[in-house]
Amino acid sequence: MERRILVSSYLVLFVFALLVLKLFNLQVIRGGEYKKVSDNNRLKIVRRPAPRGIIYDRNGMAFVSDMPFFDASAVKKDLPEDWNTLFSLSSILNISTETLKAVLNKRPVDNSDSVKLKENLSFDEVAMLEARKIEFPGLQVDVRTGRKYLYGALAGHVLGYLNRLTPGQLKNDDFSDVPQEAFVGQYGAEKFYDGLLRGVAGGEIIEVDAMGREIRVVSFEPSIKGKDIRLTIDMMTQLEAERSLAGKTGAVVAVDPQTGEILALASSPSFDPNLFSGGISHDEWSSLADNPDKPLLNRAIQSRYPPASTFKVITAIAALEQGIITEDTTFDCRGSLKIGGRDVGCWQKHGHGRIGLQRALAESCDVYFYEIGKRININTLADYAKRFGLGSTSGIDINGEITGLVPTSEWKERTRHEKWYMGETVSASIGQGYLTATPLQMAMLTAAVVNGGRLIKPSILMRDEGGPSLNEEPVRVRAETLDIIMRGMRGAVQERSGTGWSANSKLTSIGGKTGTAQVVGKDSFSKGYNKKFKDHAWFISFAPVHNAEIAVAVFVENGGFGGVAAAPIAKNVIEAYMKSKSDNEKLRLEKLKEMTEKSMPEIVNEASATESSEPGSGD
């Protein structure tokens, strides 16, 4: 009996000793480790960016949609950094172990200890991470809403793109409610109307365990989706403008001359905003930023060129208003005119003969306007140019617009310390010399000529969607003067001798004015063909000729003659708009599908192959 009691006592002591050793192990040897695990059962605050508003065209056709993007991040102090863990994780993320180590050694972007390991995970990567998440304490997969631009590069310069907050925006109170990982508008409509599109971020307080697994949602604040907006852009007109420009460098601007609503604004070459949707890579950014063709440059509002003979519209208006000429004034064109002892030529080497104003506009006679240039003061000419919006920004709701230049005698004295010469006025009278304008300015100038003399502030957002209110100023020109100009522009397209005959349409009546801006002197060009020395092509136009509904400016860099390289593009754009107006939604969608079935590179290549060779007609 005593023996049994003794054995039992030893067993009890042994078990007790085991318990003491276990407690010593838990409390002393591994106490720190388990305390860390316990501490990690905590609350995680997650801010959720709101879905952005959808951008539609004027007819309710969506340009964009929202879609989820997945990113992997980790709490640095929780993620073991032993070789096996890093090797396994890097294998799933498809990055090298060295890259993963380098990422983990970076300082977090905010005050947390969480670092972003990889953005834009594939669905396979997400599935693998979720399945093996227990192996990677502190690892989390974040979901954010990003943009999908439904038609790739279409309207890229109008829509713009998203990107992360810049250092300046991080310090700006206007962005204080934006989660630091959110994407905001950085260009185009996405930027200008970011406040409408962004919405209000929501958030969650989540209890997680030591493995980073969610235990429960403690509280939830829903985000408020951004406002959907409707642009003034007509998608079919925009598509035709870009298709017609494919393979060329240039811009097209189409505007409703009665309201200032931009119907199409295209710049070529362009870019695909989808490149930015998930966070653009360094290589992708370099390929855009370092591209010599500058696809990120919005040539419609950020490039200025001599307007060439399209400026004869302003020269004629100034001369008529100042009484220098009348509608019946004629001059004799013999192919050149002697100015200051030097012969300056007309594009028509054999001359136009005795010619009046309307025919001079229609056939773009240089000598007729040289004669006006001899009789008008540069400052008077500049005054009328400015009345029609040249030399200043239009105020369009896209960032980055530049002014162009309208020279005066005071400007030359101030900037070049030289006096103004009459020969320079003669040059300005045909849109050459120091004078420069953007394609947008030329479109708005045309609109003011055909809408009765109202210079309207252009807009890309429908006014009933929160766009700017109608803002217009009278150009202070007599209605009969504008009527004379419009008749001359009508003749340019509807008369076979007109330089804009190639824009003649069976669908609608079109008026216009060609322009061919000389890049280098003819002598330089004749020394050897170089495309960059080829003249720039312009065409400004409107339709129908009575009660105009659309005004269009086309510019093709190094395109050659305006009547050959630019006028046909304007015709295509105008006809596309006229057809789009009469189409219902179903028909528009069918046409859009048909026109976008081919990728943009295919369209570009085809257009390049069929591009007109050397022009055969005049200005």
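Notes on the structure follow.

What follows covers the pairing of strand E14 (residues 336-339). Covered by surrounding structure in E14 are Leu337 and Ile339 only, the residues Ser336 and Lys338 on the alternate face being uncovered. Pairing geometry for E14 and strand E15 (residues 342-345), over four bridges, is antiparallel. Bridge assignment links Lys338 to a residue of E15, and that residue is Asp343. The hairpin formed by E14 and E15 contains two residues between the paired strands, and Gly340 there has a positive phi angle of roughly 60°.

What follows concerns the sheet that holds strand E20 (residues 536-543). With antiparallel pairing, five strands are arranged side by side in an open sheet as E12-E11-E21-E20-E19. Of all strands in the sheet, those bounded by a partner on one side alone are strand E12 (262-268) and strand E19 (511-517). The average undirected angle you get between the axes of adjacent strands in this sheet is 5°. With seven bridges connecting them, E20 and strand E21 (residues 550-556) associate as antiparallel partners. Bridge pairing in E21 places Ser541 opposite Val552. Packing against the sheet, helix H21 (residues 479-494) makes contact with E19 and E20, and its axis sits at approximately 75° to E19.

Moving on: the packing of helix H3 (residues 83-93) against helix H4 (residues 97-104). Orientation of H3 relative to H4, taken along the N-to-C sense of each, is 105°, at an axis distance of 9 Å. Relative to H4, H3 is oriented roughly perpendicular. From H3, Leu86, Phe87, Leu89, Ser90 and Leu93 reach across to H4, where they touch Thr97, Leu100, Lys101 and Leu104. Of the residues assigned to the contact of H3 with H4, the class counts are six nonpolar, two polar and one charged.

Read across the open sheet, the three strands follow the order E4-E3-E5; overall the sheet is antiparallel. Sheet topology places strand E4 (114-118) and strand E5 (139-149) at the edges, where each strand pairs with a single neighbour. Each neighbouring strand pair of the sheet contributes to a mean axis angle of 40°, computed without reference to strand direction. Pairing geometry for strand E3 (residues 64-75) and E5, over 11 bridges, is antiparallel.

Our next topic: the packing of aromatic side chains. Taken as a whole and assessed by the stated rule, the structure comprises 16 aromatic pairs. Geometrically, the ring pair formed by Phe192 and Tyr193 is edge-to-face, given 5.1 Å between the ring centres and 65° between the ring planes. Judged by relative accessible area, which is 37%, Phe192 ranks as partly exposed. On the basis of an interplanar angle of 75° and a centroid distance of 6.5 Å, the ring pair of Tyr305 and Trp538 is categorised as edge-to-face. A residue pair is termed long-range when its members are at least 10 positions apart, and Tyr305 in the loop between helix H13 (299-302) and helix H14 (312-321) and Trp538 in strand E20 qualify at 233 residues.

Here the amide bond leading from Ser268 into Pro269 is cis, since omega sits at 0°, within 30 degrees of zero. Among the secondary structure elements, Pro269 is positioned in the loop between E12 and helix H11 (274-277). Across the junction of Ala543 and Pro544, the peptide omega takes the value -15°, indicating a cis bond. Along the polypeptide, Pro544 turns up in the loop between E20 and E21. Backbone geometry places Lys294, a non-glycine residue, at a positive phi of 50°. Structurally, Lys294 is set in the loop between helix H12 (282-289) and H13. Its identity as a non-glycine residue notwithstanding, Ser364 has a phi of 55°, on the positive side. Relative to the helices and strands, Ser364 resides in the loop between helix H15 (357-363) and helix H16 (366-375).

The rules behind these values
Within each chain, residues carry numbers counting from 1 in the order of the written sequence. Per-residue local features are limited, in this predicted model, to residues with pLDDT of at least 70; the limit for side-chain atom pairs, both in listing and counting, is 80 or more; totals at the level of whole chains, interfaces and linings are taken over all residues. Excluded from the side-chain calculation are hydrogens and water; included are all heavy atoms of the structure. Note on exposure labels: buried denotes an accessible area under 20% of the residue type's maximum, exposed denotes more than 50%, and partly exposed covers the range between, all computed with a 1.4 Å probe on protein chains only. The numbering of helices and of strands both runs from the N terminus, where a helix is a DSSP run of H or I of at least 4 residues and a strand a run of E of at least 2. By definition, two strands form a pair when at least two bridges between them are found by DSSP. As a rule, the C-alpha atoms of each element are fitted with a line to give its axis, helices using only the stretch in contact, and angles between N-to-C directions run from 0 to 180 degrees. Contacts are assigned to residue pairs that have any heavy atoms within 4.5 Å of one another. These descriptions rest on fixed angle ranges, namely under 35 degrees for roughly parallel, over 145 for roughly antiparallel, 65 to 115 for roughly perpendicular, and the rest for oblique. Each residue gets one of three labels, nonpolar for Ala, Val, Leu, Ile, Met, Phe, Trp, Tyr, Cys and Pro, charged for Asp, Glu, Lys and Arg, and polar for the others, Gly among them. Side-chain rings of Phe, Tyr and Trp (the six-membered ring for Trp) are treated as a pair once their centres are within 6.5 Å; stacked means planes under 30 degrees apart, edge-to-face means over 60, and tilted covers the remaining angles.

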